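# Inside the fold
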There are 2 protein chains.
Amino acid sequence: MKEVSILLFKDFETLDVFGPVEIFGRLKDVYSVTFYSLNGGIIKNSHGVNLETVSLEKILQGTDIFLIPGGWGTRKEINNIPLLNNILQISQKSQFILTVCTGSALLAKTGLLNGRIATSNKKAFQWVISNNLNVRWLKKARWNNDGKFYTSSGISSGMDMVLGFISDLHGEKIADTIASEIEYNWQKDKTIDNFSI
Amino acid sequence: MKEVSILLFKDFETLDVFGPVEIFGRLKDVYSVTFYSLNGGIIKNSHGVNLETVSLEKILQGTDIFLIPGGWGTRKEINNIPLLNNILQISQKSQFILTVCTGSALLAKTGLLNGRIATSNKKAFQWVISNNLNVRWLKKARWNNDGKFYTSSGISSGMDMVLGFISDLHGEKIADTIASEIEYNWQKDKTIDNFSI
């Protein structure tokens, strides 16, 4: 069983988290989802979603898949040094790191994306890239992968990325089956970006 | 402020709930989301999502928008008479009732959809319609609305339906803006169904 460890923080974006949870949850014999936050406990967002989390210190030795969502909360967390230090340590030791939306800003801030090709939400793009100009930011991409780092564009693109991730690891047929099961019109081509500016 | 009251039960489908939550959450000055269950308390699903809920008895006099998701849990809840009685009473007194996926089976079981046009998940279609043959079930539709009842197809179609609902109530421009903000390729035409069988 592979663990999908999802980082939460106050005012995370709802769909950044639960789109991927729905898709990983479809392969329940392969993936198990757990929610984490810097200090554990209940994490809330402005959509009225409250979730219980485990402290990040439980996975400082790394995890199989570390997923970092975006949302307005990233504007505050970008200055949260203990959180960034944990993201750095966990990401160094994990097999794959996936970001959705402005989650890539938090990962970029650690320096781990330096020299790598990454993307992010197009409506928050200037803010995201301002946090680290040493990343090779892609202005037009639904998602991208560079080594173990998968980064997606805004919010709903996380679902296309996770289907792409599953396609890379398990084959396109399995990803197609999941998309069909959830009746999702999967945008398979990561280079098509209808929201680039 | 309009209340969006979302019914949860054990093994609800993750995206049936959180796709709509993301979209209603974008109009935070208009809509407020609250989670309910038959008896209140923590509700879990197989994807590892645990949410605190309020008892349905708090809204027996109706709500603005009552949303019923689907998921494997519906196979059990279809025989839960106290729950069905609550769904009946709340739906009779609420302004709008929205169902996602097999949530329409629960609503149909109350008799409130008799003679009305409705749709549901295409992979579970035979089971859904077997619960009430007096509904005019649509085999091919992304979603449908008949009076105050909005029913959608499988899982991710709930997002298209809620954008359609917002378009009906607030105009297409606002729905377009939300779709763009969440970088979602909204399928606007409710009659196009790539998953019909």
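- Looking at an unreviewed UniProt entry, chain A carries the name Dimethyladenosine transferase, with the source organism given as Apibacter adventoris.

### Focus: the interface of chain B and chain A
- Across the contact, 36 residues belong to chain B and 36 residues belong to chain A.
- Three residues stand out in chain B for area buried against chain A, namely His47(B), Glu183(B) and Phe195(B), and they jointly supply 24% of the buried area on that side.
- Connecting chain B to chain A are 2 salt bridges.
- Viewed at the interface, chain A and chain B are joined by 26 residue pairs in polar contact (both at pLDDT 80 or more).
- In terms of residue count, the dominant contributor to the side of chain B that touches chain A is helix H1 (residues 14–25) of chain B (7 residues).
- Of the residues contributing to the side of chain B that touches chain A, the split by class is 13 nonpolar, 15 polar and 8 charged.

### So, the pairing of strand E9 (residues 143–146) of chain A
- The pairing of E9(A) with strand E10 (residues 149–152) of chain A spans 4 bridges and is antiparallel. Across the sheet, Trp143(A) pairs through a bridge with Ser152(A), a residue of E10(A).

### Structural notes on the nonpolar core
- Counting 133 residues, the largest nonpolar core has Phe24(A) and Phe24(B) as its most contacted members.
- Apart from residues lying up to four places away in sequence, Phe24(A) is in contact with Val4(A), Tyr31(A), Val33(A), Ile65(A), Leu67(A), Leu98(A), Val162(A), Phe165(A) and Ile166(A).

### Observations regarding the UniProt feature "domain: DJ-1/PfpI" (unreviewed entry) in chain A
- Per the UniProt entry, the sites bearing "domain: DJ-1/PfpI" (unreviewed entry) are residues 2–165 of chain A in this numbering.
- As a span, residues 2–165 of chain A carries 32% helix and 26% strand, and end to end its C-alpha atoms are 14 Å apart.

### Details of helix H7 (residues 172–181) of chain B
- When we look at burial in H7(B), the residues that qualify are Ala175(B), Ile178(B) and Ala179(B). Along the axis of H7(B), the buried positions cluster into a sector of 100°, meaning they face one direction only.

### Overview of the packing of helix H1 (residues 14–25) of chain A against helix H6 (residues 157–170) of chain A
Residues and elements named next belong to chain A.
- As a packed pair, H1 and H6 sit with axes 8 Å apart at the nearest point and diverge in direction by 30°. As H1 packs across H6, the resulting crossing turns out to be right-handed. Of H6, the residues touching H1 (which contributes Leu15, Gly19, Pro20, Ile23 and Phe24) are Gly158, Met159, Val162, Leu163, Phe165 and Ile166.
- Looking at the contact of H1 with H6 residue by residue, the classes come out as 9 nonpolar, 2 polar and no charged.

### Quick word on the side chain of Lys122(B)
- Of note, Lys122(B) is situated in the loop between strand E7 (117–118) and helix H5 (125–130).
- Note on Lys122(B): relative accessible area 1%, which makes it buried.
- Within the structure, the side chain of Lys122(B) is placed 2.8 Å from the side chain of Ser153(B), a separation counted as a polar contact.
- When sequence neighbours within four positions are dropped, the list of residues in contact with Lys122(B) reads Glu183(A), Leu138(B), Lys139(B), Lys140(B), Ala141(B), Ser153(B), Asp193(B), Phe195(B), Ser196(B) and Ile197(B).

### Observations concerning the sheet that holds strand E9 (residues 143–146) of chain B
All names here are of chain B.
- Sheet architecture is open: 8 strands sit in the order E3-E4-E2-E1-E5-E6-E10-E9, paired in mixed fashion. Each having just a single partner strand, strand E3 (41–44) and E9 make up the two edges of the open sheet. Neighbouring strand axes in the sheet, compared pairwise and without regard to direction, differ in orientation by 30° on average.
- Two strands pair when backbone bridges link them, and strand E5 (residues 65–68) and strand E6 (residues 96–99) are joined in this way by 4 bridges, in the parallel orientation. Its bridge partner lying in E6, Phe66 is registered against Ile97.
- Sheet strands in contact with helix H3 (residues 81–93) are strand E1 (2–7), E5 and E6, and its direction is about 150° off that of E5.
- Here helix H6 (residues 157–170) sits on the sheet in contact with strand E2 (31–37), E5, E6, E9 and strand E10 (149–152), set at roughly 150° to E10.

### What to know about the side chain of Asn45(A)
- Residue placement: Asn45(A) occurs in the loop between strand E3 (41–44) and strand E4 (50–55).
- Ignoring sequence-local partners within four residues, the contact set of Asn45(A) consists of Asp11(A), Phe12(A), Glu13(A) and Thr14(A).

### A word on the relation of the copies chain B and chain A
- Take chain B, turn it by 180°, move it 0.0 Å along the axis, and it overlays chain A with an RMSD of 0.0 Å. Put plainly, the chains are arranged around a two-fold axis.

### Focus: the sheet that holds E4(A)
Residues and elements named next belong to chain A.
- Reading across from one edge, E3-E4-E2-E1-E5-E6-E10-E9 is the order of the 8 strands in this open sheet, with mixed pairing throughout. One side of each edge strand has no neighbouring strand; the edge strands of this open sheet are E3 and E9. Direction aside, neighbouring strands of the sheet carry axes that sit 30° apart on average.
- Against the sheet, H1 touches strand E1 (2–7), strand E2 (31–37), E4, strand E5 (65–68) and strand E6 (96–99), its axis set at about 160° to E2.
- Taken strand by strand, H6 contacts E2, E5, E6, E9 and E10, and its axis lies near 150° from that of E10.

Parameters and conventions
- Sequence order as written defines the numbering, with residues in each chain counted from 1.
- Labels are handed out in written order, letters beginning with A for the chains and numbers beginning with 1 for the ligands.
- Given that this is a predicted model, residues contribute local features only at a pLDDT of at least 70 and side-chain atom pairs are listed and counted only at 80 or more, while totals for whole chains, interfaces and linings are drawn from all residues.
- Note that the side-chain values use all heavy atoms of the structure and ignore hydrogens as well as water.
- Whether two residues are in contact is decided by their heavy atoms, any of which lying within 4.5 Å being enough.
- By buried area we mean how much accessible surface two parts lose on assembly, using a 1.4 Å probe and totalling the loss over both.
- The working definition used for a salt bridge is a side-chain nitrogen of Lys or Arg within 4 Å of a carboxyl oxygen of Asp or Glu.
- For the purposes of these results, a polar contact is taken to be a pair of N or O atoms within 3.5 Å, where, inside protein, one atom must be able to donate a hydrogen and its partner to accept one; residues adjacent in sequence count only when each atom of the pair is a side-chain atom.
- Secondary structure elements are defined from DSSP: runs of H or I of at least 4 residues count as helices, runs of E of at least 2 residues count as strands, and each element is numbered from the N terminus.
- Three residue categories are used. Nonpolar comprises Ala, Val, Leu, Ile, Met, Phe, Trp, Tyr, Cys and Pro, charged comprises Asp, Glu, Lys and Arg, and polar comprises the others, including Gly.
- Pairing between two strands is assigned when DSSP locates at least 2 bridges connecting them.
- Residues grouped as a nonpolar core are buried Ala, Val, Leu, Ile, Met, Phe, Trp, Tyr and Cys residues, joined through side-chain atoms within 4.5 Å.
- Summary of the burial criterion: residues with accessible area below 20% of their type's maximum are buried, those above 50% are exposed, and those between are partly exposed, where the area comes from a 1.4 Å probe applied to protein chains only.
- UniProt positions are given in the numbering used here, feature names are shortened, and annotations may be inferred rather than shown by experiment.
- An arc is given here, and it is the one of the directions from the helix axis to the C-beta atoms.
- For helices, the axis comes from a line fit to the C-alpha atoms of the stretch in contact; other axes are also lines fit to C-alpha atoms, and the angle between any two N-to-C directions lies between 0 and 180 degrees.
- Crossing handedness is read from the near helix: turned anticlockwise from the far helix by less than a right angle, it gives a left-handed crossing, and turned clockwise, a right-handed one.
- Only residues with pLDDT of at least 70 in both copies count here: their C-alpha atoms drive the least-squares fit that superposes the copies.

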